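Coordinate inspection notes
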Amino acid sequence: MNARTLRTAPAIALAAAGLLLGGAAGTALAAPQQDTTSASATVFQERPSGKYGPYSSYKACHKAGKHGQDHGRWHHFTCKNEHHKWWLYTYR
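What comes next concerns the included structure. (Residues numbered from 1 in each chain as written. Predicted model: local features only at pLDDT ≥ 70, side-chain atom pairs only at ≥ 80, totals over all residues. Heavy atoms only, no water.)

Structural notes on the sheet that holds strand 2 (residues 76–82)
Sheet strands pair via backbone hydrogen bonds, and the direction of the pair is either parallel or antiparallel. Condition: Should DSSP find at least two bridges between two strands, the strands are regarded as paired. A run of DSSP states H or I qualifies as a helix once it reaches four residues; a run of E qualifies as a strand once it reaches two. Both are numbered from the N-terminal end. Interaxial angles span 0 to 180 degrees and are taken between N-to-C directions of axes, which are lines fitted to C-alpha atoms, for helices over the stretch in contact. Here, two residues are considered to be in contact whenever any of their heavy atoms come within 4.5 Å of each other.
Spatially, 3 strands are ordered 1-3-2 in an open sheet, and the strand pairing comes out antiparallel. Strand pairing shows two members of the sheet lacking a second neighbour, strand 1 (50–55) and strand 2, which therefore form its edges. Strand-to-strand twist of the sheet, defined as the mean angle between neighbouring strand axes without regard to direction, takes the value 25 degrees. Direction of pairing for strand 1 relative to strand 3 (residues 85–91): antiparallel, over a ladder of 4 bridges. Opposite Y52, over in strand 3, you have L88 as the bridge partner. Here helix 3 (residues 58–70) sits on the sheet and contacts strand 1, strand 2 and strand 3; the angle it forms with strand 2, its principal contact strand, is near 160 degrees.

Take a look at the structure:
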């Protein structure tokens with residue numbers, strides 16, 4: 001190989017990498033922006049604030065969830081069956 005080619009190869013590789021990365025960044029900047037505040041707020045609201053249990057039945061879990069909701073401890077709740085036991089997930 002020619003000595004001049006060996007000296008310019010790293011510069012060409014660096015320039016090519018810069019164009020590839022710059023093209024990806026340019027595409028990301030040109031993409032339309034979505035309203036991320038509403039999306040993140042929705043995700044945050046769906047995260048449980050508490051987990052209680054286990055309960056022996058769905059009825060017992062639902063009764064405990066309703067009791068806590070009626071007394072203002074949480075806004076809503078769900079009962080989920082995990083490994084043959086019922087768990088109460090609460091959301092504030």
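Now that the structure is up, let's keep going.
Let's talk about the pairing of strand 3
Note: strand 2 against strand 3, 7 bridges, orientation antiparallel. Across the sheet, the residue bridging to H76 is Y91, located in strand 3. Hairpin geometry of strand 2 and strand 3 is characterised by an intervening segment of 2 residues between the two adjacent antiparallel strands and by a positive phi of about 55 degrees at H83.

Some words on the packing of aromatic side chains
To keep it simple, the criterion reads: Any Phe, Tyr or Trp ring, taking Trp's six-membered ring, that has another such ring centre within 6.5 Å forms a pair; planes under 30 degrees apart are called stacked, those over 60 apart edge-to-face, and the others tilted. Remark: a charge is flagged as sitting over a ring if the NZ atom of Lys or the CZ atom of Arg is within 6 Å of the ring centre and within 35 degrees of the ring normal.
Scanning the entire structure with this criterion turns up 2 aromatic pairs. The positively charged end of K51 is found above the aromatic ring belonging to W87, 4.4 Å away from the centroid.

What about the environment of G50?
Its location among the elements puts G50 in strand 1. Along the backbone, G50 and R92 are 42 residues apart, and their C-alpha atoms lie at a distance of 8.7 Å. Every residue in contact with G50, bar those within four places of it in the chain, is listed here: L88, Y89 and T90.

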